[in-house]
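The primary structure of each chain is shown beneath.
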Amino acid sequence: LGACVIEKHFTLGKDMAGPDHAFSLDPAELTALVSGIHAVESALGHGRKEPVMSEIAVARASRKSLVAARPLPAGTVLTADCVAVKRPGTGIPPPMITRVLGRRVRRDVAENTLITLDMLD
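Now for a look at the structure at hand.

About the cut-offs
- In every chain, residue numbers begin from 1 and rise along the written sequence.
- In keeping with the model being predicted, local features are shown solely for residues with a pLDDT of at least 70 and side-chain atom pairs are shown and tallied solely at 80 or more, while totals for entire chains, interfaces and linings include all residues.
- Side-chain numbers here rest on the full set of heavy atoms in the structure, without hydrogens or water.
- Only DSSP runs of H or I with at least four residues qualify as helices, and only runs of E with at least two residues qualify as strands; both kinds are numbered from the N terminus onward.
- Burial status follows relative accessibility: with a 1.4 Å probe on protein chains alone, a residue under 20% of its type maximum counts as buried, one over 50% as exposed, and anything between as partly exposed.
- Whether two residues are in contact is decided by their heavy atoms, any of which lying within 4.5 Å being enough.
- All accessible areas in this document rest on Shrake-Rupley with a 1.4 Å probe, and a residue is counted as covered only by the protein chains that are shown.
- As used throughout, the charge tally considers Lys and Arg to be positive and Asp and Glu to be negative, leaving His and the chain termini uncounted.
- Charge positions come from single atoms, namely NZ of Lys, CZ of Arg, CG of Asp or CD of Glu.
- Remark: nonpolar core denotes a set of buried residues (Ala, Val, Leu, Ile, Met, Phe, Trp, Tyr, Cys) joined through side-chain atoms within 4.5 Å.
- A pair of strands is treated as paired once DSSP finds two or more bridges between them.
- By definition, a salt bridge exists where a carboxyl oxygen of Asp or Glu is found within 4 Å of a side-chain nitrogen of Lys or Arg.

1. Some thoughts on the overall build of the protein chain
The helix and strand tally for the protein chain stands at two helices and two strands. Listed by position from the N terminus, the elements making up the protein chain come as α-α-β-β. Taking the principal axes of the C-alpha coordinates as reference, the protein chain spans close to 90 × 20 × 20 Å. Each of the 121 residues in the protein chain was classed as buried or not, and the buried ones make up 19%. For the protein chain, contacts bridging at least 24 residues in sequence account for 50% of all contacts bridging at least 6. Total accessible area on the protein chain stands at roughly 8600 Å², and carbon and sulfur atoms take up 60% of it. Of the charged side chains in the protein chain, 15 are positive and 13 negative; the average position of the first set lies 16 Å away from that of the second.

Here it is in structure tokens:
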């Protein structure tokens, strides 16, 4: 995790004369070390936490969005009782409710319709 160089003794035979050969890596062990390093690099990823492709569809289906709790005629000022939280999670997420409350809807909005910022003044 941050190392630029890995130093390891290498030998063509552990039974060769000299003090270092016994604990040095032979060609097969060096190959395994390099493969292991590449596997760890791959497993660590790029360091940014983000969903993988297989999670995106599940997130859309399981997360929630702000929707109209009842029919909202054009000009209605949104209050807490005008907004509900329901699936799917393809609209405004619930933590953004403060960006919605107090604003007027530009057009009629049917009950259970996802609220989008472009429908608000």
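Here the narrative resumes, following the displayed structure.
2. So, the nonpolar core
Among the nonpolar cores identified, the biggest contains 13 residues, and Leu72, Leu78, Val100 and Ile115 are the most heavily contacted of them. In this structure Val100 touches Leu66, Leu78, Val83, Ile92, Ile115 and Leu120, once residues within four positions along its chain are discounted.

3. Side note on the environment of Val105
Along the chain, Val105 turns up in the segment after β2 (83–86). Judged by its relative accessible area of 3%, Val105 is buried. A C-alpha to C-alpha distance of 5.7 Å links Val105 and Met119, two positions 14 residues apart in sequence. Those residues in contact with Val105 that lie beyond four places of it in its chain are Leu72, Pro73, Ala74, Gly75, Thr76, Leu78, Met119 and Leu120.

4. Describing the pairing of strand β1 (residues 65–68)
Because side chains alternate across β1, one face comprises the buried residues Ser65 and Val67, and the other comprises Leu66 and Ala68, equally buried. As paired strands, β1 and β2 are joined by four bridges and run antiparallel to one another. Each bridged residue has a counterpart across the sheet, and for Ala68 the counterpart in β2 is Val83.

5. Focus: the pattern of salt bridges
Throughout the structure, instances matching the rule amount to four salt bridges. Of the charged contacts in the structure, one is a salt bridge between Lys14 and Glu29, with a shortest N-O distance of 3.0 Å. Taken as a pair, Lys14 in the segment before α1 (27–44) and Glu29 in helix α1 lie far apart in primary sequence, 15 residues in all. Accessibility expressed as a relative area gives 33% for Lys14, which makes it partly exposed. Judged by relative accessible area, which is 31%, Glu29 ranks as partly exposed. Arg48 serves as the salt-bridge partner of Glu50, at 3.9 Å between the closest nitrogen and oxygen.

6. What to know about unusual backbone geometry
The omega torsion of the bond from Arg87 to Pro88 falls at 5°, within 30 degrees of zero and hence cis. Considering the arrangement of structural elements, one finds Pro88 in the segment after β2. The phi angle at Asn112 is positive, at roughly 70°, despite the residue not being glycine.

7. Here's the deal with the side chain of Thr76
Take Thr76: it is sitting in the loop between β1 and β2. Accessibility expressed as a relative area gives 16% for Thr76, which makes it buried. Each residue touching Thr76, except ones within four places of it in the same chain, is listed here: Cys82, Arg103, Arg104 and Val105.

Read these as geometric descriptors, not functional statements.
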